[in-house]
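The primary structure of each chain is shown beneath.
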Amino acid sequence: MEANSIPTELSEILKKARRVVAITGAGISAESGVPTFRGKDGLWKSFRAEDLATPWAFERDPALVWKWYDWRRGLIAKARPNAGHLALAEMEKRYPEFTLITQNVDGLHRKAGSHKVIEIHGNLWRVRCTAEEKIFYLEDVPLPEIPPHCSCGALVRPDVVWFGESLNPMLIQESQRALATCDLLFVVGTSGIVQPVASFPAIAKQSGAYIVEINPEPTPISAIASISLKGKSGEILPELLKTQSIQ
Ligand code: BV8
């Protein structure tokens, strides 16, 4: 998509917006070489979510769950933020209010320079002691031992939100507050399936926000989007940024 092919209505909105929110999913990291969950080469292709990203899976076989996370950490350690991550980091500087809500646990938004990031599903590089709930960063790949233990002897787990686990209520509240007051919402690279984030765009819709979906495929969110831009976020977001800066 070229900047000059962006509909006039959208380019006006991009210039006039004051309070902006972006929701991102695994798709924004696809161009950095990080597999998505449900795509054709998705993470779930060879695994099933319920076999791995759940507390029950961890209880049953912590070594298997950690082997999967260590494999993902190995992929992500080599990944660099792409033009889509960088464009959102630049938008944070340009808009008076900008909140980024990411479902991703890869840490690439912060690497790209985004500061106001709500990592609503946690972060793969953070671990949590299962006995003391102590949080610390463990960035070794491969892990020193699988499954890793805390100095207290208890198992540590990835500090991410698994299926069947509740999200941090403070982060939900912070996200919903931003969504209820924004005038522009980007929904980037998410299949719009995983709750409760899949219901977040409806909050912005209710408050009259203009919703821009960016995804090569249609999703359940397309039905409430003001415009769905079909394509890769690493190509489209920089074009939107160019338009926004044309005063
Ligand atoms: C909760 C962290 C209350 C871990 C993740 C039965 C039992 C238990 C729960 C449930 C149940 N039924 C429903 C639920 C609720 C469940 C849920 O929604 N399930 C779904 C599958 C139906 N949700 C939960 O459990 C949540 N907690 O509800 O608490 C509760 C408590 C107890 C019991 C019930 C409820 C917790 C959800 C969080 C799970 N953790 N990740 C980890 O990463 O290992 S979810 C995981 O999916 C990732 O975070 C990921 O980001 C997220 C969403 O997926 P997407 O990001 O959308 O990725 P996906 O691959 O699906 O799509 C990629 C998209 O990108 C595609 O559309 C593709 O077209 C597009 N794309 C590809 N390339 C590009 C692109 N777009 C742009 N540019 C490109 N280049």
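Remember, predicted model here, so these are calculated numbers, not experimental data.

### Structural notes on the pattern of salt bridges
In total, this model carries twelve salt bridges according to the counting rule given. A salt bridge links Asp-70 to Arg-73, with the nearest nitrogen and oxygen atoms 3.7 Å apart. Of the two residues, Asp-70 and Arg-73 are both situated in helix H4 (residues 62-78); the distance of three residues between them amounts to about one turn of the helix. Like Asp-70, the residue Arg-73 is buried in the burial classification. Notably, a salt bridge pairs Glu-132 with Lys-134, separated by 3.8 Å at the nearest N-O pair. Bridged by salt links that share partners, the residues Arg-110, Glu-119, Arg-126, Arg-128, Glu-133 and Asp-159 form one connected network.

### Quick word on the environment of Ile-28
Tracing the chain through its elements places Ile-28 in the loop between strand S1 (19-24) and helix H2 (49-52). Along the backbone, Ile-28 and Asn-82 are 54 residues apart, and their C-alpha atoms lie at a distance of 8.2 Å. Among residues more than four places away in sequence, those in contact with Ile-28 are Asn-82, Gly-84, His-85, Leu-88, Asn-104, His-109, Val-188, Gly-189, Ser-233 and Leu-237.

### Describing the sheet that holds strand S6 (residues 156-160)
Reading across from one edge, S5-S4-S6 is the order of the three strands in this open sheet, with antiparallel pairing throughout. Two strands in the sheet have a free side with no partner beyond their single neighbour: strand S5 (135-137) and S6. Strand after strand, the sheet turns through a mean of 45° between neighbouring axes, direction not considered. Bridge count for strand S4 (residues 122-129) against S5 is three bridges, and the pairing is antiparallel. Within S5, the residue paired with Arg-126 across the bridge is Tyr-137.

### Details of the sheet that holds strand S3 (residues 117-119)
Pairing is parallel in the open sheet, where six strands are placed in the order S3-S2-S1-S7-S8-S9. Each edge of the sheet is formed by a strand with only one pairing partner; in this case those strands are S3 and strand S9 (227-229). Each adjacent strand pair in this sheet contributes to an overall mean axis angle of 15°, direction not counted. Relative to S3, strand S2 (residues 97-102) runs parallel, the two being bridged by three bridges. Within S3, the position partnered with Thr-102 by the bridge is Glu-119. The sheet contacts of helix H1 (residues 8-16) involve strand S7 (184-188), strand S8 (210-214) and S9, and relative to S8 the element is tilted by about 110°.

### With respect to the environment of Val-34
Within the fold, Val-34 resides in the loop between S1 and H2. Taking the C-alpha atoms as reference points, Val-34 and Arg-60, 26 residues apart in sequence, are found 27 Å from one another. Filtering out sequence-adjacent residues up to four positions away, Val-34 remains in contact with Ser-29, Ile-76, Ala-79 and Leu-108.

Definitions and cut-offs
Along every chain, residues carry numbers that run from 1 in the direction the sequence is written. Local features in this predicted model are restricted to residues of pLDDT 70 or higher, and side-chain atom pairs are both shown and tallied only at a pLDDT of 80 or more, whereas totals for entire chains, interfaces and linings draw on every residue. Computation of side-chain values: all heavy atoms of the structure, hydrogens and water removed. Here, a salt bridge means any Lys or Arg side-chain nitrogen found within 4 Å of an Asp or Glu carboxyl oxygen. Numbering of helices and strands runs from the N terminus; a helix is a DSSP stretch of H or I covering at least four residues, while a strand is a stretch of E covering at least two. Exposure classes here rest on a 1.4 Å probe applied to the protein chains alone. A residue is buried below 20% of its type maximum, exposed above 50%, and partly exposed in between. Should any heavy atoms of two residues lie within 4.5 Å, those residues are considered in contact. Each pair of strands is called paired provided DSSP finds at least two bridges between the two strands. Whenever a helix is involved, its axis is fitted only over the stretch in contact; in every case the axis is a line through C-alpha atoms, and angles between N-to-C directions fall within 0 to 180 degrees.

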